[in-house]
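Structural features, examined
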Amino acid sequence: MRAFAPGSVTAVFAPAETADQSKGASVAVADGVVADVTPAERRHADPVVAVGGEPTDFEPVELALRELDVPARADLTAEVPIGRGFGASGAATLAALLAANAEFGLDYSREQLVEVAHRAEVEAGTGLGDVFVQNRGGLVVGDGGDPRKYERETPVEYASFGPIATEEALADDDLMAAVAREGSATLDALPDDPSLARVTRDSWAFAQAVDLPTDEVREAVAEVEAAGGVASMAMVGETVFAVGVEGVLPNRTEVCPDGAKLL
Ligand SMILES: Nc1ncnc2c1ncn2[C@@H]1O[C@H](COP(=O)(O)OP(=O)(O)O)[C@@H](O)[C@H]1O
Ligand SMILES: CC(C)(COP(=O)(O)O)[C@@H](O)C(=O)O
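Residues numbered from 1 in each chain as written. Chains lettered and ligands numbered in written order. Predicted model: local features only at pLDDT ≥ 70, side-chain atom pairs only at ≥ 80, totals over all residues. Heavy atoms only, no water.

Attention now goes to the pairing of strand β3 (residues 48-51). Bridging between β3 and strand β5 (residues 72-78) involves 4 bridges; their strand directions are parallel. Note on β5: the bridge partner recorded for Val51 is Leu76. Bridge count for β3 against strand β4 (residues 54-55) is 2 bridges, and the pairing is antiparallel. The partner of Ala50 across the bridge, within β4, is Pro55. Here β3 folds back onto β4 in antiparallel fashion, the turn holding 2 residues, of which Gly52 has a positive phi close to 55°. (Pairing = 2+ DSSP bridges. Helix = DSSP H or I, 4+ residues; strand = E, 2+ residues; numbered from the N terminus.)

Below, the structure written as structure tokens:
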């Protein structure tokens, strides 16, 4: 059974009151992850996860499939790079769970699967809020209460220069203190019904305030701005995303209006 989950770009985030949640502004993008789940060969006690055909350690996906307690093999195909701020870990986990639930005839509700995916992401240290965005699609803004979803039919361009391990970023106390301070202030200042351009502009101020942009990121953002667009850095990866330009960054996708689904 196959399932798709959109990638998601987090523009701004901050830890929420409880350590296993985040508030933030993130957008689901049409480039995501497809998981093809089949019964694993009997000799495997643990779930098998492969990326592009190669068996790989992929902690959140393994943790999530183990929780369903099925002998599953998940073959993942990622349209976005893994580990670079597109929430590929969350998308892979959510897609694998949706597919496994159908493949093995389990009776989990959608809500339960999202919760299992969320717990696996938190335990692996690879994400906080991504799967909630990937479950719904659109631009999702959460500032403490119920996250709000906005429909946005917007092309998004991106370029990725390198990885930043989410697990290391979330464990960096100095960085997370700055993220808590700057992220909360940025989210509080967002208007109701923000455009993706507004969120992106505020995200760039946030990224610079927490001192994450590298030289390559700064150069790419400047290029987009020179072309009349708005760009920022994806949290957390050495990745630039942009709106309001065409053909400036090498990859082009669009906001994914819908959440993860069986194929
Ligand atoms: N090719 C790969 N590149 C990077 N990480 C990978 C790869 N294959 C599997 N992984 C696993 O994917 C996870 C990446 O998590 P994370 O840094 O949160 O990525 P993302 O920003 O895409 O969500 C880690 O658990 C890592 O071990
Ligand atoms: C920043 C991050 C904690 C994860 O980011 P990444 O896995 O790198 O997409 C956030 O998007 C989240 O899950 O709330």
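As a structural note, the neighbourhood of ligand 2 is formed by 14 residues, with Thr10, Leu128, Gly129, Asp130 and Thr166 the closest of them. In this structure, Thr10 approaches ligand 2 through a side-chain N or O atom, which is 2.6 Å from an oxygen atom. Across the complex, the protein chains shield 97% of the 370 Å² of accessible surface that ligand 2 would expose by itself. Among the secondary structure elements, those contributing two or more residues to the shell around ligand 2 are β1 (2-15) and α5 (166-170). For the shell around ligand 2, the class distribution of residues is 5 nonpolar, 8 polar and 1 charged. (Near = heavy atom within 4 Å. Polar contact = N/O pair within 3.5 Å; in protein donor to acceptor, adjacent residues only side chain to side chain. Areas by Shrake-Rupley, 256 points an atom, 1.4 Å probe, with all protein chains shown as cover. Nonpolar A, V, L, I, M, F, W, Y, C, P; charged D, E, K, R; others polar.)

In the region of ligand 1, 14 residues are neighbours, and Gly83, Ala88, Ser89, Thr126 and Thr166 sit closest. In the model, an oxygen atom of ligand 1 is placed 2.8 Å from a nitrogen or oxygen of the Gly83 main chain. In this structure, an oxygen atom belonging to ligand 1 sits 2.7 Å away from a side-chain N or O atom of Ser89. Within the complex, 73% of the 570 Å² of free accessible area of ligand 1 lies under protein.

The next point concerns helix α2 (residues 88-103). The first and last C-alpha atoms of α2 sit 22 Å apart over 16 residues, in line with the 22 Å expected at 1.5 Å per residue. Taking burial as the measure, the 16 residues of α2 include 14 buried ones, the bulk of the element. Just downstream of α2 lies Gly105, where phi reads positive at about 60°. (Expected span 1.5 Å × (residues − 1). Buried < 20%, exposed > 50% of the residue type's maximum accessible area, 1.4 Å probe, protein only.)

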